[in-house]
2 protein chains.
Amino acid sequence: MADVKRMEIQYLGDQRYVGRNEAGDQILIDGSEDTTVGVRPMEALLAALGTCTAFDVVSILAKRRTPVASYRIELEGERADEHPRRYTKVRVRHVVSGEGITQESLERAVNLSHEKYCSVAATLDSDIESEAVLDR
Amino acid sequence: MADVKRMEIQYLGDQRYVGRNEAGDQILIDGSEDTTVGVRPMEALLAALGTCTAFDVVSILAKRRTPVASYRIELEGERADEHPRRYTKVRVRHVVSGEGITQESLERAVNLSHEKYCSVAATLDSDIESEAVLDR
């Protein structure tokens with residue numbers, strides 16, 4: 001049987017939404033014009049991609065016994081001019097520090113994630129460009 | 001110049017992440033094994049899709065002077081068995097109530113979103129199946 005993920009989203013009014021997974025964990029997404037209390041849908045998509053690939057990189061480096069000490073992921077998504085204004089290109093910049101991590105091992109982890117493991121990257125129909133930055 | 005969206009994500013340890021958009025709005029994504037305080041990346045992806053298309057449906061129905069009174073979006077993503085376990089198929093069920101909304105006008109709004117406006121749907125390389133349910 002196929003593995004299925006489920007989410008249920010409730011509309012809160014004024015283009016604000018709360019989503020819940022099967023365990024009851026929540027996510028707030030907000031497209032209201034004036035005040036926002038959460039990120040917008042296309043920003044949540046970038047966050048899903050960034051955290052999915054970071055998840056792999058953290059795991060891969062931990063298995064090599066060079067755990068991550070700090071990690072920042074910077075994402076930029078370029079949108080098409082015409083509706084539906086999809087992301088044509090997404091840049092993912094991994095800024096990582098940790099004892100024993102080398103530029104080469106970081107790049108290998110980042111590439112392995114994008115090519116083999118990251119489920120979000122594999123679900124996107126965008127050109128994804130990664131950069132690995134070792135932060136000393 | 002292309003329209004660019006930016007997100008910056010900080011690793012909090014134990015596979016927990018906080019993302020911030022340019023306005024400083026936050027999103028919490030959590031892949032820790034034992035306790036979770038936020039949804040996982042592949043769940044955040046479903047939430048991005050559900051809220052993106054709901055955003056359109058709410059706008060379209062408001063413009064027709066039949067505003068939404070209640071709205072629930074149920075999403076199911078089927079994953080491939082093999083790594084990277086992408087979503088092959090996503091089902092989106094729109095459950096909507098509101099005075100003057102008809103099954104036909106709701107279906108039209110849902111289809112218009114998926115075919116023309118929803119940026120997240122257009123960015124995904126998944127088969128997306130929509131269902132419109134008028135909740136009286």
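Reference entry: report on the structure contained in this document. (Residues numbered from 1 in each chain as written. Chains lettered and ligands numbered in written order. Predicted model: local features only at pLDDT ≥ 70, side-chain atom pairs only at ≥ 80, totals over all residues.)

Our next topic: the packing of helix α1 (residues 41–63) of chain B against helix α2 (residues 103–117) of chain B. Residue and element names in this part refer to chain B. Between α1 and α2, the least distance of the axes is 9 Å, while the angle of their chain directions is 125°. On the basis of their axis angle, the class for α1 and α2 is oblique. Between α1 and α2 the crossing geometry is right-handed. Between α1 and α2, the residues in contact are Thr53, Asp56, Val57, Ile60 and Leu61 and Ala109, Val110, Leu112, Ser113, His114 and Tyr117, respectively. A breakdown of the residues in the contact of α1 with α2 according to their chemical character gives seven nonpolar, three polar and one charged. (Axes fitted to C-alpha atoms, helices over the stretch in contact; angles between N-to-C directions. Helix = DSSP H or I, 4+ residues; strand = E, 2+ residues; numbered from the N terminus. Parallel < 35°, antiparallel > 145°, perpendicular 65-115°, else oblique. Left-handed = near helix turned anticlockwise from the far one by under 90°. Contact = placed C-beta atoms within 7 Å. Nonpolar A, V, L, I, M, F, W, Y, C, P; charged D, E, K, R; others polar.)

In this section: the sheet that holds strand β4 (residues 70–79) of chain B. Reading across from one edge, β3(A)-β2(A)-β1(A)-β4(B)-β5(B)-β6(B) is the order of the six strands in this open sheet, with mixed pairing throughout. Strands at the two margins of the open sheet, each flanked by one partner only, are β3 (26–30) of chain A together with β6 (127–134) of chain B. Taking the axes of each pair of neighbouring strands and ignoring which way they run, one obtains an average angle of 20° across the sheet. Relative to strand β1 (residues 3–13) of chain A, α1 of chain B is tilted by about 40°, and along the sheet it contacts β1, β2 (16–21) and β3 of chain A together with β4 and β5 (87–97) of chain B. Contacting β5 and β6 of chain B, α2 of chain B crosses the sheet at an angle of about 155° to β6 of chain B. (Pairing = 2+ DSSP bridges.)

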